[in-house]
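So the chains spell out like this:
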Amino acid sequence: MKNGLKVGGKTYPVELSIKDNQSDPNRAGVIASELILREKCDLILCFDVDAGAAVGELADTRGVPTISTDFPWTGWKLSRGTPQDELMDKSFPYTFHFFWGATEVVKNFLPMWNSVPTNKVVGTFYIDSPTGKAFSSPKLGLAGGMAQHGYREIPGGFFKYATDDFTNQVSAFKNGGASIVSGLALPTHWATFWNQAAQAGYKPEVCTMTAAFLFASAVTALGPRGDGMSTEVWWTPKFPYKSSLTGQTARELATEWETTTGKQWTQPIGYSHAIWEVGLAALSTAADPKDKDAVRSAIANLSVDTIVGPVRFKDSPIKNVALTSLAGGQWRKTKNGARFPYELLIVSNATAPQIPVEAELKLLSKLG
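No experiment lies behind these values; they were computed from the predicted model shown.

### Section: the overall build of the chain
The secondary structure content of the chain amounts to 12 helices and 15 strands. Structurally, the chain occupies a C-alpha span of about 65 × 45 × 35 Å along its principal axes. Expressed as a percentage of its 368 residues, the buried residues of the chain come to 54%. When the accessible surface of the chain is summed, it comes to about 16,200 Å², and 52% of that surface belongs to carbon and sulfur atoms.

This is the structure:
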């Protein structure tokens with residue numbers, strides 16, 4: 001952007017205002033006011049669940065085009081006060097979101113479980129948040145999907161972010177004979193649960209959690225007991241896509257990250273790149289990038305191929321949302337001498353057949 005953005009034969013200088021909300025909902029509200037009211041931005045890009053909700057309300061009121069990503073669309077709409085039975089049809093004037101949702105996760109988890117022999121008893125627990133409520137929904141989430149495929153749920157309920165005791169869930173799952181554990185938890189929550197499960201002698205065969213195994217570091221922190229954890233897969237270097245801005249493949253972007261930082265690639269890298277692809281594509285295709293209604297119209301009609309895959313707002317079945325590619329994966333120990341202790345292997349491509357499957361899901365008792 002150093003030489004400006006060319007649109008319709010004109011070149012527009014571009015100023016970037018980048019702010020960190022520190023994953024604080026209150027600070028997200030302050031930042032929203034700064035960007036919209038004080039700095040009068042022409043387009044806002046949000047890469048955080050709290051920012052997406054806080055910016056969204058003000059952006060719609062003030063007519064500022066906004067694009068968000070990095071968290072499930074179901075949670076995004078629920079955080080905006082949308083009733084669950086209106087999630088598909090609820091629209092917003094100026095705010096848009098691209099990502100997958102709880103429904104797409106379920107469509108990957110269930111084929112993974114169906115591929116291995118279990119007793120079809122699943123223990124579930126969820127963070128008490130809009131996203132957690134979406135994942136537990138009988139209509140959109142695991143509860144409904146499991147019932148349709150003959151699985152029986154042992155509900156462990158919701159827990160607060162500050163929770164550090166999961167002995168009740170461990171006891172319920174063990175006593176109920178749950179061979180599968182699933183739900184929505186952060187890495188710190190899972191580490192506590194997994195330690196308490198070991199102390200109680202509870203050994204499920206499949207652990208498939210949303211969010212808990214997003215980062216390789218979270219799996220590595222579990223030590224040898226991280227082997228076999230399974231998860232949704234937003235993005236990996238093995239995704240068959242490339243950047244519309246740089247031409248880099250997913251593998252090249254991940255390699256650049258690892259070379260620059262010395263750390264293993266992470267799934268959000270793809271989306272932190274793609275949000276710039278989507279935002280700049282919207283500005284470039286707008287009749288006038290300084291006219292907010294023109295930019296809003298450009299987003300609503302946008303269709304662009306990015307490093308995370310196709311982003312199609314135009315003709316999307318979900319208002320204001322573009323669904324992105326999602327797969328299912330399992331973390332496995334790497335061989336001796338490998339640069340990193342764990343690798344994420346694709347084991348399900350039910351919602352994105354263009355992503356190659358690398359391995360079959362293995363029961364935890366069969367690893368090692």
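### Digging into the sheet that holds strand E13 (residues 321-322)
Strand order in the open sheet formed by four strands is E3-E4-E5-E13, and the pairing between neighbours is parallel. For this open sheet the edge positions go to strand E3 (44-46) and E13, each flanked by a neighbour on one side alone.

### Here we look at the nonpolar core
Counting residues in hydrophobic clusters, the biggest one holds 106 residues, and the most contacted among them are Phe 98, Trp 113, Phe 125, Trp 190, Phe 193 and Trp 235. Top element by residues in this core is helix H11 (residues 268-285). It accounts for nine residues. Not counting the four nearest positions on each side in its chain, Phe 98 is found in contact with Ile 67, Ser 68, Thr 69, Tyr 271, Ala 274, Ile 275, Val 278, Val 311, Phe 313, Ala 322 and Thr 324. Core analysis: the second largest hydrophobic core is formed by 10 residues, Ile 31, Ile 36, Cys 41 and Val 64 among them.

### Looking at the pairing of strand E8 (residues 180-184)
Burial runs high along E8: five of the five residues are buried. Side chains of E8 alternate between two faces, with Ile 180, Ser 182 and Leu 184 and Val 181 and Gly 183 buried alike. Bridging between strand E6 (residues 121-127) and E8 involves five bridges; their strand directions are parallel. Residue Thr 124 lies in a different strand from E8, and its bridge partner there is Ser 182. The sheet contact formed by E8 and strand E9 (residues 206-210) spans five bridges and is parallel. Within E9, the position partnered with Leu 184 by the bridge is Thr 210. As a crossover connection, the stretch from E8 through helix H8 (residues 187-200) into E9 is right-handed.

### Concerning a nonpolar patch on the surface
Judged by side-chain polarity, Met 1, Val 14, Leu 16, Ile 18, Leu 245 and Trp 276 come together as a nonpolar surface patch covering roughly 560 Å² of accessible area. Assignment of secondary structure puts Trp 276 in helix H11. Since its relative accessible area comes to 33%, Trp 276 is described here as partly exposed.

### Some words on the packing of helix H7 (residues 167-175) against H8
Packing of H7 against H8 leaves a shortest axis separation of 9 Å and a crossing angle of 50°. Between H7 and H8, the angle is such that the two are oblique. Relative to H8, the crossing made by H7 is right-handed. Only Phe 193, Gln 196, Ala 197 and Ala 200 of H8 make contact with H7, whose side of the interface consists of Thr 167, Gln 169, Val 170, Phe 173 and Lys 174.

### Re helix H1 (residues 25-38)
It helps to recall that an α-helix has 3.6 residues per turn; residues three or four apart then point in one direction. Compared with an ideal rise of 1.5 Å per residue, which puts 14 residues at 20 Å, H1 spans 19 Å between its outermost C-alpha atoms and is within 8% of the ideal. Capping of H1 at its N-terminal end is provided by Asp 24; its side-chain oxygen lies 2.8 Å from the backbone amide nitrogen of Asn 26. Among the residues trailing H1, Lys 40 stands out with phi positive, at a value near 50°.

### Re unusual backbone geometry
A positive phi angle, near 50°, is found at Lys 40, a position not held by glycine. On the secondary structure map, Lys 40 appears in the loop between H1 and E3. Lys 40 sits in the exposed class, given a relative accessible area of 59%. Located in the positive-phi region is Asp 70, a residue other than glycine, with phi close to 90°. Here Asp 70 lies in the loop between strand E4 (66-68) and helix H3 (73-79).

### So, the packing of aromatic side chains
Applying the stated criterion across every chain yields a total of 23 aromatic pairs. Between Trp 190 and Phe 193, the ring centres sit 4.9 Å apart and the planes meet at 35°, which makes this aromatic pair tilted. Note that Trp 190 and Phe 193 are positioned in helix H8 at a spacing of three residues, about one turn of the helix. Taken individually, Trp 190 and Phe 193 each receive the classification buried, so the pair is uniform in this respect. An aromatic cluster is present here, built from Phe 125, Phe 159, Phe 166, Phe 173, Trp 190, Phe 193, Trp 194 and Phe 213 joined pairwise through their rings. Its guanidinium or amino end placed over the ring of Phe 92, Arg 80 lies 4.1 Å from that ring's centre, counting from NZ or CZ. Over the aromatic face of Phe 158 sits the side chain of Lys 133, whose NZ or CZ is 5.1 Å from the ring centroid.

### Some details on the pairing of strand E15 (residues 342-348)
Burial analysis of E15 places six of its seven residues in the buried class, the great majority of the element. Pairing of strand E14 (residues 327-333) with E15, which is carried by six bridges, proceeds in the antiparallel orientation. Looking at the pairing, Gly 328 lines up with Ser 348 of E15.

Conventions used here
- Residues numbered from 1 in each chain as written.
- Predicted model: local features only at pLDDT ≥ 70, side-chain atom pairs only at ≥ 80, totals over all residues.
- Heavy atoms only, no water.
- Helix = DSSP H or I, 4+ residues; strand = E, 2+ residues; numbered from the N terminus.
- Buried < 20%, exposed > 50% of the residue type's maximum accessible area, 1.4 Å probe, protein only.
- Areas by Shrake-Rupley, 256 points an atom, 1.4 Å probe, with all protein chains shown as cover.
- Pairing = 2+ DSSP bridges.
- Core = buried A, V, L, I, M, F, W, Y, C linked by side-chain atoms within 4.5 Å.
- Contact = heavy atoms within 4.5 Å.
- Right-handed = clockwise from strand over helix to strand, strands pointing away.
- Patch = residues over 30% accessible without salt bridge, like charges linked within 9 Å, V, L, I, M, F, W, Y side chains within 5 Å.
- Salt bridge = Lys/Arg side-chain N within 4 Å of Asp/Glu carboxyl O.
- Axes fitted to C-alpha atoms, helices over the stretch in contact; angles between N-to-C directions.
- Parallel < 35°, antiparallel > 145°, perpendicular 65-115°, else oblique.
- Left-handed = near helix turned anticlockwise from the far one by under 90°.
- Expected span 1.5 Å × (residues − 1).
- Polar contact = N/O pair within 3.5 Å; in protein donor to acceptor, adjacent residues only side chain to side chain.
- Phe/Tyr/Trp six-rings, centres within 6.5 Å; stacked < 30°, edge-to-face > 60°.
- Lys NZ or Arg CZ within 6 Å of the ring centre and 35° of its normal.

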